[in-house]
Amino acid sequence: MTIDELPAPSPDPVREAAAYQASLLAALGDDDPAEAQAAAPAAIRALLVEAGPDLRTRPEPGQWSVLECIGHIVDGELVVSGRYRWIIAHDTPEIVGYDQALWVDRLRHRDDDPADLLALFEALRHANLMLWARFGATHGDRIGMHRERGPESYDLTFRLAAGHDRVHLEQARRALAQLRARVRHQGP
């Protein structure tokens, strides 16, 4: 993979909030967000198997490994779990953002046990899908006030989470392809 084949980086979630939201929604497209979210654990499991011994290897300095991308997806699910519940239970709660790069680095996702990450993700995702099944149709228009992006409804937050999975699963696949292309190019 050459530098020309690499996609442009995702919009910054803070400085380019509207573009960031649009990129996540574009990744979801017209697909049902609950179905997309339900498919994510199997996609993560398959990616872990595909990455094999390359799971923790960064394609380039400063880029996330497959495991770090997965760790970020899990962090996102953990954070959004609270957001969903605040939006449902409180009237226009403040929604706090987080620095994804700090979380991946300081929580040392590169050192995580992949099975533990997957188990945590599956438990959180299951609980969040059950919450959506109970409240999505009746509470979808409830709003949280995101510190960086402004008002976000439960429905929008749920859709963004589905797109987030797809964006970062694709990032992990690109990282693996880039790493393997570099190794092939360098030879034994």
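Heads up: the structure comes first, above all this text.
Residues numbered from 1 in each chain as written. Predicted model: local features only at pLDDT ≥ 70, side-chain atom pairs only at ≥ 80, totals over all residues. Heavy atoms only, no water.

Hey, could you run me through the nonpolar core in this one?
Among soluble globular proteins, nonpolar side chains are generally buried collectively. Residues Ile-44, Leu-47, Leu-48, Leu-55, Val-66, Ile-70 and Phe-121 are the most contacted members of the largest nonpolar core, which totals 20 residues. For this core, the secondary-structure elements that each account for two or more residues are helix H2 (33-51), helix H3 (66-89), helix H5 (114-139) and helix H6 (154-186). Per element, the largest residue contribution to this core is six residues, and it comes from H3. Excluding its chain neighbours within four sequence positions, the residues that come into contact with Leu-55 are Leu-48, Ser-65, Val-66, Leu-67 and Pro-114. Counting residues in hydrophobic clusters, the runner-up holds twelve residues, among them Leu-129, Trp-132, Phe-135 and Phe-158. (Core = buried A, V, L, I, M, F, W, Y, C linked by side-chain atoms within 4.5 Å. Buried < 20%, exposed > 50% of the residue type's maximum accessible area, 1.4 Å probe, protein only. Helix = DSSP H or I, 4+ residues; strand = E, 2+ residues; numbered from the N terminus. Contact = heavy atoms within 4.5 Å.)

Help me understand the side chain of His-164, please; the structure alone is not making it clear to me.
Secondary-structure assignment places His-164 in helix H6. Aside from chain neighbours lying at most four places away, what touches His-164 is Tyr-20, Leu-24, His-72, Ile-73 and Gly-76.

What is the right way to look at the pattern of salt bridges in this model?
Opposite charge on two side chains makes pairing possible when the charged atoms of those side chains draw close. Counted according to the given criterion, the structure contains eleven salt bridges. Taking the shortest distance from any N to any O, the salt bridge between Glu-60 and Arg-182 comes out at 4.0 Å. One end of the pair, Glu-60, is in the loop between H2 and H3; the other, Arg-182, is in helix H6, with 122 residues separating them in the sequence. The exposure class of Arg-182 is partly exposed, given its relative accessible area of 26%. Salt bridges sharing partners connect three or more residues here, namely Glu-77, Arg-125 and Asp-165. (Salt bridge = Lys/Arg side-chain N within 4 Å of Asp/Glu carboxyl O.)

Hey, could you run me through the layout of surface pockets in this one?
The rolling of a water-molecule-sized probe over the atoms marks out the regions of remaining empty space. In this structure, the largest pocket encloses a volume near 1100 Å³. Taken together, 47 residues form the lining of the largest pocket, with Ser-10, Trp-64, Gln-100, His-168 and Gln-171 sitting closest to its centre. Elements with a minimum of two residues in the lining of the largest pocket: helix H1 (17-28), H3, helix H4 (100-106) and H6. Broken down by element, the residue count for the lining of the largest pocket peaks at eleven residues, all from H6. Its residues assigned to classes, the lining of the largest pocket comprises 21 nonpolar, 13 polar and 13 charged. (1 Å grid on protein atoms, 1.4 Å probe; cavity = no way out; pocket = protein on both sides within 12 Å on 5 of 7 lines; lining within 4 Å. Points joined across faces, edges and corners; volume = space filled by probe spheres on them. Nonpolar A, V, L, I, M, F, W, Y, C, P; charged D, E, K, R; others polar.)

Explanation requested: the pairing of strand E2 (residues 143-146) in the structure shown.
Both faces of the sheet carry side chains from a regular strand, because those side chains alternate between them. Going residue by residue along E2, you find Gly-144 and His-146 tucked away on one face and Ile-143 and Met-145 left uncovered on the opposite face. Pairing between strand E1 (residues 94-95) and E2: two bridges, direction parallel. Bridge assignment links Ile-95 to a residue of E2, and that residue is His-146. Pairing analysis gives four bridges linking E2 to strand E3 (residues 150-153), with the strands arranged antiparallel. From the neighbouring strand, Gly-144 faces E3, where its bridge partner is Glu-152. (Pairing = 2+ DSSP bridges.)

Help me understand the environment of Leu-131, please; the structure alone is not making it clear to me.
Position of Leu-131 among the secondary structure elements: in helix H5. Taking the C-alpha atoms as reference, Leu-131 lies 8.5 Å from Tyr-84; in sequence the two are 47 residues apart. Setting aside chain neighbours within four positions, we find Leu-131 in contact with Tyr-84, Arg-85, Ile-88, Gly-136 and Tyr-154.

So what exactly am I meant to see when it comes to the packing of H2 against H5 here?
Any two packed helices are characterised by how steeply their axes cross, that is the angle between the axes, and by the distance between the axes. Running from amino to carboxyl end, H2 crosses H5 at an angle of 170 degrees, the nearest separation of the two axes being 10 Å. Looking at the two axes, H2 sits roughly antiparallel to H5. Every residue of H5 that contacts H2 at Ala-34, Gln-37, Ala-38, Ala-40, Pro-41, Ile-44, Arg-45 and Leu-48 is listed here: Pro-114, Leu-118, Phe-121, Glu-122, Arg-125, Leu-129 and Trp-132. The class makeup of the residues in the contact of H2 with H5 is eleven nonpolar, one polar and three charged. (Axes fitted to C-alpha atoms, helices over the stretch in contact; angles between N-to-C directions. Parallel < 35°, antiparallel > 145°, perpendicular 65-115°, else oblique.)

What am I meant to see in the packing of aromatic side chains here?
Here a ring pair, both rings aromatic, is described through the centre-centre distance and the interplanar angle of the planes. By the definition in use, this model includes five aromatic pairs. Between Trp-132 and Tyr-154 the ring centres are 5.0 Å apart and the planes differ by 70 degrees, which places this aromatic pair in the edge-to-face class. Here the residue Trp-132 occupies a position in helix H5, and Tyr-154 occupies one in helix H6, the gap between them amounting to 22 residues. Plain terms: the ring middles of Trp-132 and Phe-158 are 3.9 Å apart, the flat faces sit at 5 degrees to each other, and that makes the pair stacked. Residue Trp-132 is located in helix H5, and its partner Phe-158 is located in helix H6; the two are separated by 26 residues in the primary sequence. Grouping residues by exposure puts Trp-132 and Phe-158 together as buried. In this structure an aromatic cluster arises from ring pairing among Tyr-84, Trp-132, Tyr-154 and Phe-158. (Phe/Tyr/Trp six-rings, centres within 6.5 Å; stacked < 30°, edge-to-face > 60°.)

Coordinates in, geometry out; function isn't part of it.
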